[in-house]
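# Observations on the three-dimensional arrangement
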Amino acid sequence: MRRPTVRRTASTTLGVDVGGTKIATALVDAGGKILAEHTIPTGAERNAAPVIADIVACVRERLGPHARDAVALGVGVAGQIDPSDGTVLDAPNVHWHDVPLGAELASALGLPVFVTNDVRAATWGEWLHGAGRGAHDLMTLFVGTGVGGGIVSGGRVLTGCTNTAGEIGHVTIVAGGRQCTCPNRGCLEAYVGGWAIAAQAREAAQADQAGGRRLTELAGSVETITARTVAQAFREGDAFAQRLMREVARHLAAGIVTFVNAFNPCLFILGGGVIEGVPELAQMVEGPVRADALVAATRQLRFARAALGNDAGVVGAAAIARDAVAGRTR
Ligand SMILES: [Zn+2]
């Protein structure tokens, strides 16, 4: 007798997370569970064609026989996306410009493909299957090398007029402040992003060589200090690194106060490499946010750490694809 396979067929989708250093592909069920996963290096300086060929090969050959039953594929890419056709307009980490990623993957795999921003995908992952399950008003803030997030308001993910809602790393927290990687100065990212923590630590260690001695020892030289170095020295109890992280927390709190006042989430989820390196940051910001944000905006506010780690992107991209083929809009 033929076993019915309709339920499984209808419930699995594929998720892909294209990052600057690696590409993760996964087969994900309707509950957000990863059934199979495979990761490959992005390959520095490669253009889009071989990367797309690699994604196709991973999906066909590396995720097991059930990957063939998946009904759609979602992709998260660090960059700006045209949601109408899944074109990657600009993805600086992988040096892509106007790449028709959605169309090419759909044609190669014979599946509906939905392309989104990587942080938006991670927000979906945390919202539907991670720390945000059951919440209708939440925000995510992922603090890694760059800083981004997402806003779920009234059970819908905000996209904005041209699909860039969630670029919350680029809110101005210091008018005329430090130069950001975007055209602006004084962005949140220019103070708390991994690259910015590294730059500020190098400047501080240069100006105070005795104080920054442990950072310089750990990194080998002032020039090679990274955010990871600061996190390591912080964990060792180094006073210089702790002062740097207090400044990071102060700026992070200033950004979060703005978001909480503007969007009034019930739940604020913090994730990303910088938070994972110094989890204490989550506690360090909560007090100042509660002290400085509007009382009415924080009455029901909870803070949480992201629960899915590096899997948030693939789980979220797969969820977006599942919703899209089912005709659900959130
Ligand atoms: Zn900026």
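Look above for the structure.
Thresholds applied
Residues numbered from 1 in each chain as written. Predicted model: local features only at pLDDT ≥ 70, side-chain atom pairs only at ≥ 80, totals over all residues. Heavy atoms only, no water. Buried < 20%, exposed > 50% of the residue type's maximum accessible area, 1.4 Å probe, protein only. Helix = DSSP H or I, 4+ residues; strand = E, 2+ residues; numbered from the N terminus. Pairing = 2+ DSSP bridges. Phe/Tyr/Trp six-rings, centres within 6.5 Å; stacked < 30°, edge-to-face > 60°. Lys NZ or Arg CZ within 6 Å of the ring centre and 35° of its normal. Donors = N, O, S within 2.8 Å, 3.2 Å for Na, K, Ca; no water. Tetrahedral: all angles 85-135°; square planar, octahedral: opposite > 155°, others 65-115°. Core = buried A, V, L, I, M, F, W, Y, C linked by side-chain atoms within 4.5 Å. Contact = heavy atoms within 4.5 Å. Salt bridge = Lys/Arg side-chain N within 4 Å of Asp/Glu carboxyl O.

### Side note on the pairing of strand β4 (residues 73-77)
Within β4, five of the five residues are buried, which leaves it mostly tucked inside the rest of the structure. Burial of β4 is two-sided: the residues Leu73, Val75 and Val77 facing one way and the residues Gly74 and Gly76 facing the other way are all buried. Bridge analysis of strand β1 (residues 13-18) against β4 gives five bridges, and the strand direction is parallel. When the bridges of β4 are listed, valine 16 appears paired with valine 75. Relative to strand β8 (residues 113-117), β4 is paired through five bridges, and the arrangement is parallel. Bridged to leucine 73 within β8 is valine 113.

### A closer look at the packing of aromatic side chains
Aromatic rings considered in pairs are described by the distance between their centres and by the relative angle of their planes. Evaluated as defined, the whole model comprises two aromatic pairs. Aromatic pair phenylalanine 268 and phenylalanine 303: ring centres 5.9 Å apart, planes at 40°, arrangement tilted. Separated by 35 residues along the polypeptide, phenylalanine 268 in strand β12 (residues 267-271) and phenylalanine 303 in strand β13 (residues 302-305) bring together distant segments of the chain. The residue whose ring lies beneath arginine 243 is phenylalanine 240, and the NZ or CZ to ring-centre distance is 5.1 Å.

### Some remarks on the coordination of the zinc ion
The zinc ion binds to the protein through His170 (ND1), Cys180 (SG), Cys182 (SG) and Cys187 (SG); the donor distances cover 2.0 to 2.4 Å. With four donor atoms in place around the zinc ion and angles of 102 to 120° between them, the coordination shape is tetrahedral. Of note, the donors binding the zinc ion are all from one chain and are spaced H-x9-C-x1-C-x4-C. Taken together, the positions of histidine 170 in the loop between β11 (156-157) and α5 (189-192) and cysteine 187 in the loop between β11 and α5 put the pair 17 residues apart, joining distant regions of the chain. Accessibility expressed as a relative area gives 25% for histidine 170, which makes it partly exposed. Classification of cysteine 187 as buried rests on a relative accessible area of 0%.

### A short note on the nonpolar core
Generally speaking, nonpolar side chains in soluble globular proteins are found buried as a group. Membership of the largest hydrophobic core comes to 50 residues, with the highest contact counts inside it found for Leu141, Leu215, Val230, Ile256, Phe268, Leu270 and Val289. In this structure, leucine 270 is in contact with Leu141, Ile256, Ile275, Ala282, Val285, Phe303, Ala304, Arg305 and Ala306, ignoring residues within four places of it in sequence. Among the nonpolar cores identified, the runner-up in size contains 32 residues, and Val51, Cys58, Leu63 and Trp96 belong to it.

### Concerning the pattern of salt bridges
Applying the stated rule across the entire model yields seven salt bridges. The partner of arginine 178 in a salt bridge is glutamate 203, with the nearest N and O atoms 2.9 Å apart. Taken together, the residues span a long stretch of sequence, with arginine 178 in the loop between β11 and α5 and glutamate 203 in helix α6 (residues 194-207) at a distance of 25 residues. A cluster of three or more residues bridged by salt bridges with shared partners is formed by Arg213, Arg214, Glu217 and Glu236.

That is the geometry; function is a separate question.
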